[in-house]
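# Working through the structure, step by step
This is what each chain is made of:
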Amino acid sequence: MASDRTRTTTPHPRPGTRTKTDSVPGAGVWVLRLLPVGIVLAALNLRPAVTSLGALLEEVRDGLGMSGSVAGVLTSVPSLCFAVFGVMAPRLARRFGLSVVVCTGMVAIAAGLLIRPYAGNTVGFLAGTALALMGIAVSNILMPVLVKRWFPDRVGPMTGLYSMALALGTSLPAAVTVPVTDGLGGDWRAGLAVWAGLAAVAVLPWLVLLRVRGAERIEPAPAPAPAVPEAAGGRLRITRSRIAWALAVFFGLQSTAAYITMGWMAQIYRDAGLSAGTAGLLLAVTMVMGVPLAFVIPRVATRLPHQGPIAVVLGVCGLAGYAGLYLAPAVGAWAWAVLLGISNCAFPLALTMVGMRARTGAGVAQLSAFAQSTGYLLSIPGPLLVGVLYQHSGGWGQPLALMAVLMVPQILVGVLAGRDRTVEDEAAAR
């Protein structure tokens, strides 16, 4: 498997030798330069639909007449959409091409973010949100595939790059949605709708890349490997892989923690007596921790034989953050925001392990779809249960206890998923 820790030096091709981009008409060096731009812009749009809502959740609830339980359903919608629509991503990519699917995903995000604030009722708001999340779901799945296919010897740095962009797209809406809303006259609808513009910008590089759709099917020469038993159609029997299941559960538990944080953390701080602006800023601090760490963690992970210790450190930070929120939510607010931000970097770790636990681009596509779709399916009850516990207990003690309890199995499956093996190796052994 190609990674930073196994990189070898490839000699420059002799004159007249065809490179992988030369082999496809219209594909050249400019494609490899434009692809990172497209990937970064796409990654920037994979979370504003969620964190912009978290910053204004109280205003949206009041404006649409939502109860705490219904708001819990709303915070569970991302996981549901990612699970349902994410599993379709590899099939759509094989049928239409990676660039077409990602470009369409960006269009869906822009349309959904523009529609939902002005739908007029809870059902319409949920429908607009679901449309945006459909686009996010397929793009989520295909990001590791794009990296593995185009940058097989730079999985760590490229995963770090788009993880860093994703973290920035997570933290920025949390920090500025409230000030932007205030600047627009206090209209929460306008404050949410402005994020459609960022998604519209992300469409542009993918429109250009549509011209070289054939290039996205280029794969690096596979490394010698033992024969791998495959299912009909040449596909791995991914559900028989222990590594795949460990990654799926790890992905699900870290997603549960992340979407509870994005959906409810600002409300926890507001209930502790902090202003809406300060609560949004604290949520932004939690999210912005992922900007530097999302670049560092994948690079470190690809150099380690076992990624389990990283999962342990991140989980311990999460446990400390939840304990702090329970004991002194306002007094130590900034410290808890930082600790939970570190813990949330389990996401780039999970993405990196997806790229490392499969040897080929096709294997990564299957593993990414399985781990993310199954993981998001597992994460659906978490944010919903937090809303129910919050409404019926009248406080944050029980929800925070739930978050802390879920962190323990996350650490355990993170250790299992970090073992140095691939799904192809497991299939061959069976």
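Our structure's up above, just so we're on the same page.
This section reports on the structure supplied with the text. Predicted, not measured: the structure shown is a model, and the values here were computed from it. (Residues numbered from 1 in each chain as written. Predicted model: local features only at pLDDT ≥ 70, side-chain atom pairs only at ≥ 80, totals over all residues. Heavy atoms only, no water.)

## Looking at the overall build of the protein
- The secondary structure content of the protein amounts to 20 helices and 0 strands.
- Counting all 430 residues of the protein, 57% fall into the buried class. (Helix = DSSP H or I, 4+ residues; strand = E, 2+ residues; numbered from the N terminus. Buried < 20%, exposed > 50% of the residue type's maximum accessible area, 1.4 Å probe, protein only.)

## A look at the packing of helix 5 (residues 89-96) against helix 7 (residues 122-150)
- Two numbers describe how helix 5 lies on helix 7: the axes approach to 9 Å, and their chain directions differ by 75 degrees. One element, helix 5, and the other, helix 7, form an angle in the roughly perpendicular class. Taken together, the residues of helix 7 that come into contact with helix 5 (itself represented by A89, P90, L92 and A93) are V138, I141 and L142.
- Residue composition of the contact of helix 5 with helix 7, grouped by class: 7 nonpolar, no polar and no charged. (Axes fitted to C-alpha atoms, helices over the stretch in contact; angles between N-to-C directions. Parallel < 35°, antiparallel > 145°, perpendicular 65-115°, else oblique. Contact = heavy atoms within 4.5 Å. Nonpolar A, V, L, I, M, F, W, Y, C, P; charged D, E, K, R; others polar.)

## As for the side chain of R47
- Assignment of secondary structure puts R47 in the loop between helix 1 (29-44) and helix 2 (48-55).
- Polar contacts involving the side chain of R47 include one to the side chain of Y259, which spans 3.4 Å.
- Ignoring any residue separated from it by four or fewer positions in sequence, one finds R47 in contact with F82, I136, N140, L166, G169, T170, Y259, M262, F347 and Y376. (Polar contact = N/O pair within 3.5 Å; in protein donor to acceptor, adjacent residues only side chain to side chain.)

## Observations concerning the pattern of salt bridges
- Within this structure, the stated rule accounts for 1 salt bridge.
- For the salt bridge of R270 with E59, the shortest nitrogen-to-oxygen distance reads 3.3 Å. Of this pair, R270 sits in helix 11 (residues 242-271) while E59 sits in helix 3 (residues 57-64), and the two are 211 residues apart along the sequence.
- For E59, a relative accessible area of 27% puts it in the partly exposed group. (Salt bridge = Lys/Arg side-chain N within 4 Å of Asp/Glu carboxyl O.)

## A short note on the packing of aromatic side chains
- Here the structure, examined in full by the defined rule, presents 8 aromatic pairs.
- Consider the rings of Y259 and Y376, whose centres lie 6.4 Å apart with planes at 70 degrees: the pair is edge-to-face. Of this pair, Y259 sits in helix 11 while Y376 sits in helix 17 (residues 361-379), and the two are 117 residues apart along the sequence.
- Of the residues examined, Y259 reaches a relative accessible area of 2% and is grouped as buried.
- These aromatic residues form a ring-pair network of at least three members: F251, Y259, F347 and Y376.
- Positioned over the ring face of F347 is R47, at 5.0 Å from the centre of the ring. (Phe/Tyr/Trp six-rings, centres within 6.5 Å; stacked < 30°, edge-to-face > 60°. Lys NZ or Arg CZ within 6 Å of the ring centre and 35° of its normal.)

## Overview of the state of the cysteines
- Tallied over the full model, the rule gives 0 disulfides.
- Left unpaired, C317 is separated from the closest cysteine sulfur, that of C345, by 9.5 Å.
- When its relative accessible area of 14% is taken as the criterion, C317 is described as buried. (Disulfide = S-S within 2.5 Å.)

## A look at the packing of helix 16 (residues 346-356) against helix 17
- Between helix 16 and helix 17, the shortest axis-to-axis distance is 9 Å and the interhelical angle comes to 145 degrees. Contact residues: helix 16 offers F347, L351, V354 and G355, while helix 17 offers V364, L367, S368, Q372 and Y376.

## Observations regarding helix 5
- Among all positions of helix 5, only A89, P90 and A93 are buried. The buried residues of helix 5 occupy one face: seen down the axis, they fall within an arc of 100 degrees. Seen from the open side of helix 5, the exposed residues pointing more than 90 degrees away from its buried face are R91 and R95. (Arc of directions from axis to C-beta.)

## Regarding the nonpolar core
- Counting 123 residues, the largest nonpolar core has V60, F125, W206, Y269 and L349 as the members making the most contacts within it.
- Per element, the largest residue contribution to this core is 18 residues, and it comes from helix 11.
- Beyond its immediate sequence surroundings of up to four residues, Y269 is in contact with L274, A279, L282, L325, P329, A333, W336 and A337. (Core = buried A, V, L, I, M, F, W, Y, C linked by side-chain atoms within 4.5 Å.)

## Observations concerning a nonpolar patch on the surface
- On the surface, V201, L204 and L207 cluster together into a nonpolar patch covering about 260 Å² of accessible area.
- Looking at where L204 falls in the secondary structure, it is placed in helix 10 (residues 195-209).
- A relative accessible area of 51% places L204 in the exposed class. (Patch = residues over 30% accessible without salt bridge, like charges linked within 9 Å, V, L, I, M, F, W, Y side chains within 5 Å. Areas by Shrake-Rupley, 256 points an atom, 1.4 Å probe, with all protein chains shown as cover.)

## Quick word on helix 15 (residues 333-343)
- Along helix 15, the residues that are buried comprise A333, W336, A337, L340, G341 and S343. With its buried residues spanning 155 degrees around the axis, helix 15 presents them on a single face.
- Against helix 11, helix 12 (276-288), helix 14 (308-327), helix 16 and helix 19 (397-417) lie the buried residues of helix 15.

## Here we look at the environment of P205
- Relative to the assigned elements, P205 resides in helix 10.
- Taking the C-alpha atoms as reference points, P205 and V37, 168 residues apart in sequence, are found 7.3 Å from one another.
- Not counting the four nearest positions on each side in its chain, P205 is found in contact with L34, G38 and L41.

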